[in-house]
Amino acid sequence: MVYSICKQTNKLWKALIMTNKLNIKILVLDDDPFTLKLLARMLANMGYGQVTLCDSGRAALEQIDRADNRPDMILLDLNMPEMDGIEFVHRLAERRYAGGLILFSGEDEHMLQAAEKLVQTYKITVPGSLQKPVTPDKLAALLEKWTPSVQEGAAEAIRIRGADELRAAIANGELVNYYQPKVEPATGWVMGVETLVRWRHPTDGMVFPCEFIGVAETHGLIDDLTRVVLTGALAQAKVWQEAGLSLQLAVNVSIDNLASPDFADFVAGLAAEAGVPPQKVVLEVSESRIPMDDLRAPLETLTRLRMKRFRLSIDEFGTGHSSLVQLRGIPFDELKIDQSFVHGAWSNKTVQMKYDASLAIARQLDMEVVAVGVEDENDWDNLRRTGCDLAQGYFIAKPMPAAELPGWIETWQARMRE
Ligand code: C2E
Ligand code: MG
């Protein structure tokens, strides 16, 4: 009897696991078609019913951006041409991916462990990694170790917005600018702010850029969006300037904006209209979006902006593939170390190494360095110890509406005096 109950329970349990497996969405990303086929067969044999195969990072991101297709688990090859595994993980983090991830690679174990640690800094669950060739038993063991928190993932998952909805929001003035302070760790001086766009949605509340910047870029809306953000930010800078607040103003621009031949003139016209000197305006471009093959169009606009005395910043540094030589060819004034190499660097050797390397590159190229993602006092002390020029992060202040900035500056100054 006992045996039969146990057997029954066991059967039920197995059935539950099988149903669960049928519902789990797994995405496999590898540029090698043979490995893709092999992994697909292994997963099918294990009972996983929803497996998507992708041979490039771009194809995988397209799948992930479709809300109904968001995977619960990703099997990711580290070494791929175009977008490699590390860059892909960064793109996942931007999309607030909340599922699991297993890395596999032909690299040695040491390399895999370092990559694993890096992925964990993005708060992505990594049950482990696998050296190629992947065997069914090792893969099964890792998948079993990982308990899929599908519901948790769904709760945190972001919703990618529709292009029509976004177009209407831009036209109806639903986009608003928030501003996050940038301060000097050595003195606490509030040097400037970064403009970060938000969508005040009539029914969904505040919507963050990760849900709509990509949509704007792929649907030809990014020029309109950037124009709205820039116009608002420069008008605000004028208000602060007239109130005696001298702040540098940073605005994020997409690489697609730089392809418009009139972009530099448009920015210069707006700044002149607002009476804000170009030296006080920084245009931030994400490193990972800078094409390293054909730079002509963006380089032309960047150079024209620089000639007009605007400041240029390379953003999210560490997430792309720039080499020193390539960086020397673009007239950047500032380098922003990505937050994944700032928060917690003091407690993680690999992260600290990335942070130190980014700082060293900026020094070699004579650029000002901003560390983003300063979340606690340990991060702040790390910046002071290493002589980083500027800091930005929740430890200092979260992005806020313009009206809150003067009050925040007073509180911050009092905090610094203490
Ligand atoms: P970014 O330019 O790297 O901006 C920094 C992001 O990190 C902001 O997220 C900011 O809120 C967040 N952040 C700052 N300090 C901390 C911290 O201590 N901890 C954590 N966890 N996060 C911190 P946000 O506002 O969600 O913006 C995300 C990205 O969206 C920006 O990254 C930027 O690439 C893009 N973005 C924002 N506004 C615009 C815009 O007007 N145009 C374009 N093209 N992109 C924009
Ligand atoms: Mg930025």
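Residues numbered from 1 in each chain as written. Chains lettered and ligands numbered in written order. Predicted model: local features only at pLDDT ≥ 70, side-chain atom pairs only at ≥ 80, totals over all residues. Heavy atoms only, no water.

Please set out the pairing of strand β10 (residues 281-286) residue by residue, giving values where relevant.
By the criterion of burial, β10 is predominantly enclosed, with 6 of the 6 residues buried. Of the two faces of β10, the one holding Val 281, Leu 283 and Val 285 and the one holding Val 282, Glu 284 and Ser 286 are both buried throughout. In this structure, strand β9 (residues 248-252) lies alongside β10, joined through 4 bridges in parallel fashion. Within β10, the position partnered with Asn 252 by the bridge is Glu 284. Taking the sense of rotation as the criterion, the β-α-β connection linking β9, helix α11 (residues 263-274) and β10 turns out right-handed. (Buried < 20%, exposed > 50% of the residue type's maximum accessible area, 1.4 Å probe, protein only. Helix = DSSP H or I, 4+ residues; strand = E, 2+ residues; numbered from the N terminus. Pairing = 2+ DSSP bridges. Right-handed = clockwise from strand over helix to strand, strands pointing away.)

Please provide a residue-by-residue account of the side chain of Lys 336, values included.
With respect to the element layout, Lys 336 can be found in strand β12 (residues 334-337). According to the relative accessible area criterion, Lys 336 is buried, its value standing at 0%. Side chain to side chain, Lys 336 and Gln 392 meet in a polar contact 2.9 Å long. With residues near it in sequence (within four places) discarded, Lys 336 still touches Glu 194, Glu 284, Ser 313, Ile 314, Asp 315, Glu 316, Phe 317, Val 370, Val 372 and Gln 392. (Polar contact = N/O pair within 3.5 Å; in protein donor to acceptor, adjacent residues only side chain to side chain. Contact = heavy atoms within 4.5 Å.)

Give me the domain arrangement of the chain: which residues, what numbers.
Split into domains, the chain comes out as domain 1 (2-156) and domain 2 (159-417). Each side of the interface is counted separately: domain 1 has 13 residues, and domain 2 has 15 residues. Both faces combined, the contact of domain 1 with domain 2 buries some 1200 Å², and carbon together with sulfur accounts for 56% of it. Inspection of the region where domain 1 meets domain 2 yields 0 salt bridges. Within the residue set of the side of domain 1 that touches domain 2, elements represented by two or more residues are α4 (85-94) and α5 (109-120). (Domains from an automatic or database assignment. Buried area = accessible area lost by both parts, 1.4 Å probe. Salt bridge = Lys/Arg side-chain N within 4 Å of Asp/Glu carboxyl O.)

Can you lay out the packing of α11 against helix α12 (residues 296-307) for me, pointing to particular residues and giving the numbers?
In the contact formed by α11 and α12, the axes pass within 9 Å of each other and the chain directions differ by 30°. Regarding the angle of α11 to α12, the classification is roughly parallel. In terms of crossing hand, the pair formed by α11 and α12 is right-handed. Contact with α11, carried on its side by Phe 263, Ala 264, Asp 265 and Val 267, involves Thr 301, Arg 304 and Leu 305 of α12 and no other residues of that element. Looking at side-chain class alone, the contact of α11 with α12 contains 4 nonpolar, 1 polar and 2 charged residues. (Axes fitted to C-alpha atoms, helices over the stretch in contact; angles between N-to-C directions. Parallel < 35°, antiparallel > 145°, perpendicular 65-115°, else oblique. Left-handed = near helix turned anticlockwise from the far one by under 90°. Nonpolar A, V, L, I, M, F, W, Y, C, P; charged D, E, K, R; others polar.)

Describe helix α2 (residues 33-46), naming the residues involved and giving the relevant values.
An ideal rise of 1.5 Å per residue puts 20 Å on 14 residues; α2 measures up with 20 Å between its terminal C-alpha atoms. Taken together, the buried positions of α2 are Thr 35, Leu 36, Leu 39, Met 42, Leu 43 and Met 46. In an axial view of α2, the angular spread of the buried residues amounts to 130°, which keeps them on one side of the axis. Projecting away from the buried face of α2 at angles above 90 degrees are the exposed residues Pro 33, Phe 34, Lys 37, Arg 41 and Asn 45. Gly 47 occupies a position one or two residues after α2 and carries a positive phi of about 100°. (Expected span 1.5 Å × (residues − 1). Arc of directions from axis to C-beta.)

Before we move on, can you summarise the pairing of strand β4 (residues 100-105) with the specific residues and values?
Taking burial as the measure, the 6 residues of β4 include 6 buried ones, the bulk of the element. Here β4 shows two buried faces, one formed by Gly 100, Ile 102 and Phe 104 and the other by Leu 101, Leu 103 and Ser 105. The pairing of strand β3 (residues 73-77) with β4 spans 5 bridges and is classified as parallel. Following the sheet pairing, Ile 74 is matched in β4 by Leu 101. With respect to chirality, the unit in which β3 leads through α4 into the neighbouring parallel β4 is right-handed. Taken together, the 5 bridges between β4 and strand β5 (residues 125-131) define a ladder with parallel strand orientation. Looking across to β5, one finds that Phe 104 is bridged to Leu 130.

Residue-level account of the site of ligand 1, with values.
Lining the immediate surroundings of ligand 1 are 20 residues, of which Arg 198, Asp 315, Gln 339, Glu 375 and Tyr 394 lie closest. For ligand 1, an oxygen atom lies 2.9 Å from a polar atom in the side chain of Asn 252. Taking Tyr 394, its main chain carries an N or O atom lying 2.8 Å from an oxygen atom of ligand 1. In isolation ligand 1 exposes 800 Å². Once the protein is present, 85% of that is buried. Secondary structure elements with two or more residues in the shell around ligand 1: β7 (190-201) and β11 (311-317). No other element matches the 4 residues that β7 contributes to the shell around ligand 1. In terms of residue class, the shell around ligand 1 is made up of 8 nonpolar, 6 polar and 6 charged. (Near = heavy atom within 4 Å. Areas by Shrake-Rupley, 256 points an atom, 1.4 Å probe, with all protein chains shown as cover.)

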